[in-house]
Amino acid sequence: MNFKKHFGTNSKILLIALFILFTGTTYFAVNFWSPKASQGTDNKTLSFYAIDVGQGDSFAFFLPDGKTILIDAGPEDAGKKVVSFLKDRGVKKIDLLVATHGHSDHIGGMHKVLRNFEIGKVWDSGFNHGSRIQRDLYKIIKKKDIPFGRPKRGYAEQFGDVNVEVIAPTILLRNTRSDANNNCLVLKITYGEISFLMTADMEREERATVQPLPHATILKASHHGSYNGTDTRVLREVQPSIIILSYGKNNSYGYPHKSVIKIIKKEGIPRYDTADGTFKIETDGSEMKISRNSVNYDK
Ligand SMILES: [Zn+2]
């Protein structure tokens, strides 16, 4: 694993300083950031945030051209936090709001998001889970007359210099272990040489319809680090430089699964967990900088 190419000189110096400071801890920690830090103001930086929403997913992309993409909004009780998080960063409009699938740990917080921001369009997985939360969401989208799409594999859209490609779903899957998870909307977001594979809660059955998975710099491990989300083959296909695990501390499901932790470690891929707090990745399309507190995952 060579991180040198991803970090600038300042980051390297800071990295060394922090390593000395936190001797005994592993992995790297660079640049603690101020919550009010501006993003994308130089028209070259893409800022990505993995938001700590407890047990769930929510990821914000602030694009170089000033547009905002939000993938999921965490569970219902995190809606307020996601709204404040975006407002604190000056967001007024979400250009693309993605509901990866109908489970409440992904779309529970979305009602508040829809109520508080102008929304350019919503992308949805195309699978009707039938839950109250999903039905309510569709109602609000319809009432507000928000453009709504259910894109499938092969569809891609350009947001300035950033490409958003639909990796899955391909076809509607039925009678899987979890049909909601196995019809997830999976996206690859690419800016220059840096890419994010956002796998939502895709499980084995959906994955089998799209393998081999594309290479990506950053892999959001599927299904909160569940055993059915990530295996060695996934890691070898994607070849990520970084893995993101999104889950709540001491969640009742036992995420992340110990087998996933083991293979991530075995493949030597640095890992960032939202359970240890929100973190930011900034990139100019060639280098990337990660901001978070130091966490020791070896203990
Ligand atoms: Zn989930």
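Residues numbered from 1 in each chain as written. Predicted model: local features only at pLDDT ≥ 70, side-chain atom pairs only at ≥ 80, totals over all residues. Heavy atoms only, no water.

Undergrad: Tell me what's going on with the overall build of the protein chain, and back it up with residues and numbers.
TA: Helices and strands together make up the secondary structure of the protein chain, namely eight helices and 17 strands. By residue count, 58% of the 299 residues in the protein chain fall in the buried class. The contacts in the protein chain between residues at least 6 apart in sequence include a share of 63% that link residues at least 24 apart. Carbon together with sulfur atoms contributes 52% to the accessible area of the protein chain, which is approximately 13000 Å² in total. (Helix = DSSP H or I, 4+ residues; strand = E, 2+ residues; numbered from the N terminus. Buried < 20%, exposed > 50% of the residue type's maximum accessible area, 1.4 Å probe, protein only. Contact = heavy atoms within 4.5 Å. Areas by Shrake-Rupley, 256 points an atom, 1.4 Å probe, with all protein chains shown as cover.)

Undergrad: Describe in detail a negative patch on the surface, supporting the description with residues and values.
TA: Taken together, the side chains of Asp-42, Glu-193, Asp-284 and Glu-287 present a region of like negative charge at the surface. Note that Glu-193 resides in the loop between β11 (186-191) and β12 (194-198). (Patch = residues over 30% accessible without salt bridge, like charges linked within 9 Å, V, L, I, M, F, W, Y side chains within 5 Å. Salt bridge = Lys/Arg side-chain N within 4 Å of Asp/Glu carboxyl O. Lys, Arg positive; Asp, Glu negative; His and termini not counted. Charge placed at Lys NZ, Arg CZ, Asp CG, Glu CD.)

Undergrad: I'd like a description of the coordination of the zinc ion, backed by residues and values.
TA: For the zinc ion, the full set of protein donor atoms is Asp-105 (OD), His-106 (NE2), Asp-201 (OD) and His-224 (NE2), and the range of their distances to it is 2.0 to 2.1 Å. Note that the zinc ion binds four donor atoms; their angles at the metal cover 87 to 161 degrees, and the shape is irregular. Each donor residue of the zinc ion lies on the same chain, and together they follow the pattern D-H-x94-D-x22-H. The exposure class of Asp-105 is buried, given its relative accessible area of 15%. With relative accessibility at 0%, the residue His-106 sits in the buried group. (Donors = N, O, S within 2.8 Å, 3.2 Å for Na, K, Ca; no water. Tetrahedral: all angles 85-135°; square planar, octahedral: opposite > 155°, others 65-115°.)

Undergrad: Can you break down the pattern of salt bridges residue by residue, with the values?
TA: Within the structure shown, the criterion is met by 17 salt bridges. The shortest N-O distance in the salt bridge between Lys-121 and Glu-157 comes to 2.4 Å. Residue Lys-121 is located in the loop between β6 (118-119) and β7 (122-124), and its partner Glu-157 is located in strand β9 (residues 156-159); the two are separated by 36 residues in the primary sequence. Here the residues in one salt-bridge network are Glu-76, Arg-132, Asp-136 and Lys-139, joined through shared partners.

Undergrad: Break down the side chain of Glu-203 for me, citing the residues and quoting the values.
TA: Relative to the assigned elements, Glu-203 resides in the loop between β12 and α6 (204-208). If we skip the residues at most four places from it in the chain, Glu-203 touches Arg-177, Ser-178, Asn-181, Asn-182, His-223 and Asn-228.

Undergrad: Explain the packing of aromatic side chains residue by residue, including any values.
TA: With the rule as written, the count across this model stands at ten aromatic pairs. Seen in terms of ring centroids, Tyr-138 and Phe-148 are 5.8 Å apart; in terms of plane orientation they differ by 80 degrees. Their pairing is edge-to-face. Placement of the pair is Tyr-138 in helix α5 (residues 132-143) and Phe-148 in strand β8 (residues 148-149), with a sequence separation of ten residues. Ring centres of Tyr-272 and Phe-279 lie 5.5 Å apart, and the angle between their planes is 40 degrees; on these two criteria the pair is classed as tilted. The pair Tyr-272 / Phe-279 is uniform in exposure class, with both members buried. Pairwise contacts between aromatic rings join Phe-48, Phe-59, Phe-61 and Phe-196 into one cluster. We note Arg-89 situated over the ring of Tyr-49; from NZ or CZ to the ring centre the distance is 4.9 Å. Across from the ring centre of Phe-85, 3.8 Å away, lies the NZ or CZ of Arg-89, which sits over that ring. (Phe/Tyr/Trp six-rings, centres within 6.5 Å; stacked < 30°, edge-to-face > 60°. Lys NZ or Arg CZ within 6 Å of the ring centre and 35° of its normal.)

On their own, these measurements won't tell you what the molecule is for.
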